[in-house]
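For reference, the chains in residue letters:
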Amino acid sequence: MSSNVGTSSVELFGEFRMSIHGRPVTNWRAGRSRALVQYLLVHRGRPVSRDTLREALWPHLPPSAGATSVKAAVHGARRALCGTADRPAPVQICSVDGGYLLRADQLWIDVAAFDRRVRAATAAVAAGDHGGAAGHFRRALAIYRGPLLPNQDADWVVTEREWLRTQALHALRFLSDQALGVNDLWTAIRWNRRALDVDPYDPAAFAVLADCHRRLGLDAQARRWDDLAANRLAEV
């Protein structure tokens with residue numbers, strides 16, 4: 001976790017963890033409340049209708065049962081996230097017309113921090129500040145500990161997971177290209193090894209790894225990367 005994280009934080013990359021005022025939140029109601037909070041965290045700051053929640057979280061249930069599940073999950077989530085009289089919770093689920101809105105201005109959220117860094121890097125590239133962009137991309141990658149909620153397979157999770165993976169790979173490609181531009185082959189190798197951690201089937205990463213090893217005179221190792229790429233990509 002980032003050293004800048006305060007006592008109230010959420011991690012959605014890799015294993016889900018949430019702490020309020022330094023204390024882990026564990027009293028979720030049968031998983032329903034946790035799933036709802038995770039959805040609202042990813043869609044933070046935007047009103048989400050009850051129907052959208054029902055369709056995203058409980059698509060297999062009839063509409064009436066799904067609506068009941070949403071209400072029960074909201075109730076359980078509010079209980080799990082409640083603070084104390086002297087220390088209000090930094091996250092609230094507010095009722096809005098036809099749905100709910102999660103307010104979490106005082107809560108550090110890894111996905112939100114990652115998004116801010118990627119946006120800052122994109123703005124720096126547009127301004128011609130490639131050094132600044134590289135710094136933002138490196139900080140974004142330090143936050144990206146792994147895929148979003150890897151143990152879940154709901155459609156909404158898969159969609160968000162792949163988008164975040166794409167952004168991480170874009171950051172890695174930028175840093176790799178920057179290293180190659182100054183002939184820093186070992187740094188390029190490091191970034192592309194990380195790219196294969198993010199996407200084990202990334203053909204561009206395999207190609208750069210093989211090429212860098214050839215340029216370093218490590219032909220046998222370059223052939224091994226080529227063989228590994230051929231075998232792995234044949235699985236796709």
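Residues numbered from 1 in each chain as written. Predicted model: local features only at pLDDT ≥ 70, side-chain atom pairs only at ≥ 80, totals over all residues. Heavy atoms only, no water.

A.B. asks: What is the right way to read the sheet that holds strand β2 (residues 17-20) from this model?
C.D. replies: Through backbone hydrogen bonds, the strands of a sheet pair up, either in parallel or in antiparallel fashion. In spatial order, the strands read β3-β2-β1-β7; together these 4 strands make up an open sheet with mixed pairing. Each edge of the open sheet is held by one strand with a lone partner, namely β3 (23-24) and β7 (108-109). (Pairing = 2+ DSSP bridges. Helix = DSSP H or I, 4+ residues; strand = E, 2+ residues; numbered from the N terminus.)

A.B. asks: Explain the packing of aromatic side chains to me, please; I cannot follow it from the model alone.
C.D. replies: Given two aromatic rings, one states the distance between the centres and the angle between the planes to describe the pair. Tallied over the full model, the rule gives 7 aromatic pairs. On the numbers, 5.1 Å between centres and 50° between planes, the contact of Phe-137 with Phe-174 is tilted. Taken together, the positions of Phe-137 in helix α5 (residues 130-143) and Phe-174 in helix α6 (residues 155-181) put the pair 37 residues apart, joining distant regions of the chain. With relative accessibility at 15%, the residue Phe-174 sits in the buried group. (Phe/Tyr/Trp six-rings, centres within 6.5 Å; stacked < 30°, edge-to-face > 60°. Buried < 20%, exposed > 50% of the residue type's maximum accessible area, 1.4 Å probe, protein only.)

A.B. asks: How should the pairing of strand β5 (residues 92-96) be read in this particular structure?
C.D. replies: For a regular strand, the rule is simple: side chains alternate between the two faces of the sheet. In this structure, β5 lies alongside strand β6 (residues 99-103), joined through 5 bridges in antiparallel fashion. The partner of Ile-93 across the bridge, within β6, is Leu-102. Adjacent in sequence and paired antiparallel, β5 and β6 are bridged by 2 residues, among which Gly-98 carries a positive phi angle near 80°.

A.B. asks: Can you walk me through the pattern of salt bridges in this structure?
C.D. replies: Where charged atoms from two side chains of opposite charge come close, those side chains can pair. Under the definition given, this model contains 10 salt bridges. With its nearest N and O atoms 2.9 Å apart, the salt bridge here joins Glu-11 to Arg-145. Taken together, the positions of Glu-11 in strand β1 (residues 9-11) and Arg-145 in the loop between α5 and α6 put the pair 134 residues apart, joining distant regions of the chain. Classification of Glu-11 by relative accessible area gives buried; the value is 3%. As a salt-bridge pair, Arg-173 and Asp-202 come within 2.8 Å of each other at their nearest N and O atoms. One end of the pair, Arg-173, is in helix α6; the other, Asp-202, is in the loop between α7 (185-198) and α8 (203-215), with 29 residues separating them in the sequence. Residues joined in a network through salt bridges with shared partners are Glu-11, Glu-15, Arg-17 and Arg-145. (Salt bridge = Lys/Arg side-chain N within 4 Å of Asp/Glu carboxyl O.)

A.B. asks: Is there a simple way to explain the confidence of the model for the protein chain in this structure?
C.D. replies: Regions with low pLDDT should not have their predicted coordinates read in detail. With 96% of its residues at a pLDDT of 70 or more, the protein chain shows a mean pLDDT of 93. Here residues 1-5 scores under 50 on pLDDT; set against residues more than four positions off or in separate chains, the count is 5 contacts. (pLDDT = per-residue confidence, 0-100. Contact = heavy atoms within 4.5 Å.)

A.B. asks: What am I meant to see in the nonpolar core here?
C.D. replies: Side chains of a nonpolar character, in soluble globular proteins, are inclined to be buried together. One finds Leu-12, Met-18 and Ile-93 to be the most contacted residues of the largest nonpolar core, which totals 75 residues. Among residues more than four places away in sequence, those in contact with Leu-12 are Gln-38, Leu-41, Val-42, Ile-109, Asp-110, Val-111, Pro-147, Leu-148 and Leu-149. (Core = buried A, V, L, I, M, F, W, Y, C linked by side-chain atoms within 4.5 Å.)

A.B. asks: Can you walk me through the packing of α5 against α6 in this structure?
C.D. replies: The relative placement of two packed helices is expressed as an angle between their axes plus a distance between the axes. Following both chains from N to C, one finds α5 and α6 inclined at 135°, their axes separated by 10 Å at the closest point. By the angle between their axes, α5 is oblique relative to α6. The way α5 lies across α6 gives a crossing that is left-handed. When α5 is examined against α6, the residues His-130, Gly-131, Ala-133, Ala-134, Phe-137, Arg-138 and Leu-141 are found in contact with a partner set consisting of Ala-168, His-170, Ala-171, Leu-172, Phe-174, Leu-175 and Gln-178. When its residues are assigned to classes, the contact of α5 with α6 shows 9 nonpolar, 4 polar and 1 charged. (Axes fitted to C-alpha atoms, helices over the stretch in contact; angles between N-to-C directions. Parallel < 35°, antiparallel > 145°, perpendicular 65-115°, else oblique. Left-handed = near helix turned anticlockwise from the far one by under 90°. Nonpolar A, V, L, I, M, F, W, Y, C, P; charged D, E, K, R; others polar.)

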